[in-house]
Amino acid sequence: MRKKIVAGNWKMNMTPSQAVALCDELKDLVKNDEVDVVYCVPAIDIVPVAEAVKGTNVCVGAENMYFEEKGAYTGEISAEMLVDAGVKYVIIGHSERRDYFKEDDELLNKKVKKAFYAGLTPILCCGETLEQREMGVTMDWIRLQIKSDLVGVTADQVKEMVIAYEPIWAIGTGKTATTEQAEEVCKGIRDCIAEMYDAATAEAVRIQYGGSVNAGNAAELFAQPDIDGGLVGGASLKADFGKIVCYK
Ligand code: PEP
């Protein structure tokens, strides 16, 4: 039985003081022992958020990291730095990073492996454009992303990780994939993991849906057999996030 996981992706929102205020506002609303709750926050908010959620059920996540340990990589943050600051999860390969910052699968594969090496749990994002969906190549594209990003990653590691299916056309657009579309791709990802590894690994890996998840659609999405929670952008910045976490 996989435990649901609901992660907020705050993106480039919330100054450190706003971040602490949001943690205080959400504190009682996100209490749910049946769900793992994660706030993936901007790098500058990690330390104050880690302090603000201490003693609660919330884990801190990062939105990105670099694969090198240290050195002359101006502006980058290492996995070791994140771990030392109390981070447990890290989003890797969000479509905004793939698109605006030209992060390719070779780089993302290095990041995934480094995250595991350092003791972080990657939340690996994948998803198709509207054009790809309309061309009928959604699953081919996603299988390519998953296979490329997991080169050299072991079955035991995959069992611990999170994969987020995020159709790009549904992110920040208010346009959610239908429950059937979301379940179909999440199941397709699980089938791909079964082919790459084995049935036990596919059964263990947690697969989230992301793309305009809100308090009104979370329950139906999360009730699907292959959807183990959500990666939530816009709705993670307000009290509604509590309703998503407590979706039942
Ligand atoms: C996201 O950024 O991962 C996301 C799913 O955003 P939104 O929920 O706003 O569509």
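This text goes with the structure placed above it.
Conventions adopted
Residues numbered from 1 in each chain as written. Predicted model: local features only at pLDDT ≥ 70, side-chain atom pairs only at ≥ 80, totals over all residues. Heavy atoms only, no water. Phe/Tyr/Trp six-rings, centres within 6.5 Å; stacked < 30°, edge-to-face > 60°. Buried < 20%, exposed > 50% of the residue type's maximum accessible area, 1.4 Å probe, protein only. Lys NZ or Arg CZ within 6 Å of the ring centre and 35° of its normal. Pairing = 2+ DSSP bridges. Helix = DSSP H or I, 4+ residues; strand = E, 2+ residues; numbered from the N terminus. Axes fitted to C-alpha atoms, helices over the stretch in contact; angles between N-to-C directions. Contact = heavy atoms within 4.5 Å. Parallel < 35°, antiparallel > 145°, perpendicular 65-115°, else oblique. Left-handed = near helix turned anticlockwise from the far one by under 90°. Nonpolar A, V, L, I, M, F, W, Y, C, P; charged D, E, K, R; others polar.

Q: It is not clear to me how the packing of aromatic side chains should be interpreted in this structure. Could you clarify?
A: The relative placement of two aromatic rings is captured by the distance of their centres and the angle of their planes. Under the definition given, this model contains seven aromatic pairs. Aromatic pair Tyr100 and Phe101: ring centres 6.4 Å apart, planes at 80 degrees, arrangement edge-to-face. What makes Tyr100 exposed here is its relative accessible area of 60%. Overall, the relative accessible area of 49% leaves Phe101 in the partly exposed class. Clustering of aromatic rings is evident, with ring pairs tying together Trp10, Tyr39 and Phe241. A cation over a ring is seen here: Arg97 above Phe101, with NZ or CZ 4.1 Å from the ring centre.

Q: Sorry if this is basic, but what is going on with the sheet that holds strand β5 (residues 121-126) here?
A: Strand-to-strand pairing in sheets goes through backbone hydrogen bonds, with the strands running parallel or antiparallel. Taking strand neighbours around the barrel as the criterion, the eight strands line up as β1-β2-β3-β4-β5-β6-β7-β8 in a closed arrangement whose pairing is parallel. When strand polarity is set aside, the average angle formed by the axes of neighbouring strands in this sheet is 25 degrees. Where strand β3 (residues 58-62) meets strand β4 (residues 87-92), three bridges bridge the pair, whose relative direction is parallel. Paired with Val60 across the strands is Val87, a residue of β4. Across the face of the sheet, helix α5 (residues 105-118) comes into contact with β4 and β5 while running at roughly 170 degrees to β4. The strands that helix α9 (residues 179-196) touches are β5, β6 (162-165) and β7 (206-210); relative to β6, the one it contacts most, it runs at about 140 degrees.

Q: In this structure, what is going on with the packing of helix α7 (residues 138-149) against α9? I would like to understand it.
A: Angle between the axes and distance between the axes are the two parameters that describe a pair of packed helices. Put simply, α7 and α9 touch, their axes get as near as 10 Å, and they point 45 degrees apart. Taken together, the axes of α7 and α9 are oblique relative to one another. The handedness of the crossing between α7 and α9 comes out as right-handed. On α9, the residues touching Thr138, Met139, Ile142, Arg143, Ile146 and Lys147 of α7 are Val185, Gly188, Ile189, Cys192, Ile193, Glu195 and Met196. Here the contact of α7 with α9 is composed, by residue class, of eight nonpolar, two polar and three charged.

Q: Is there a simple way to explain unusual backbone geometry in this structure?
A: Look at Lys11: it is not a glycine, yet its phi comes out positive at around 55 degrees. Within the secondary structure, Lys11 is located in the loop between β1 (4-9) and α1 (16-26). Positive phi, close to 55 degrees, is recorded for Ser212, a residue that is not glycine. By the secondary structure assignment, Ser212 is in the loop between β7 and α11 (218-222). Overall, Ser212 belongs to the buried group, its relative accessible area being 19%.

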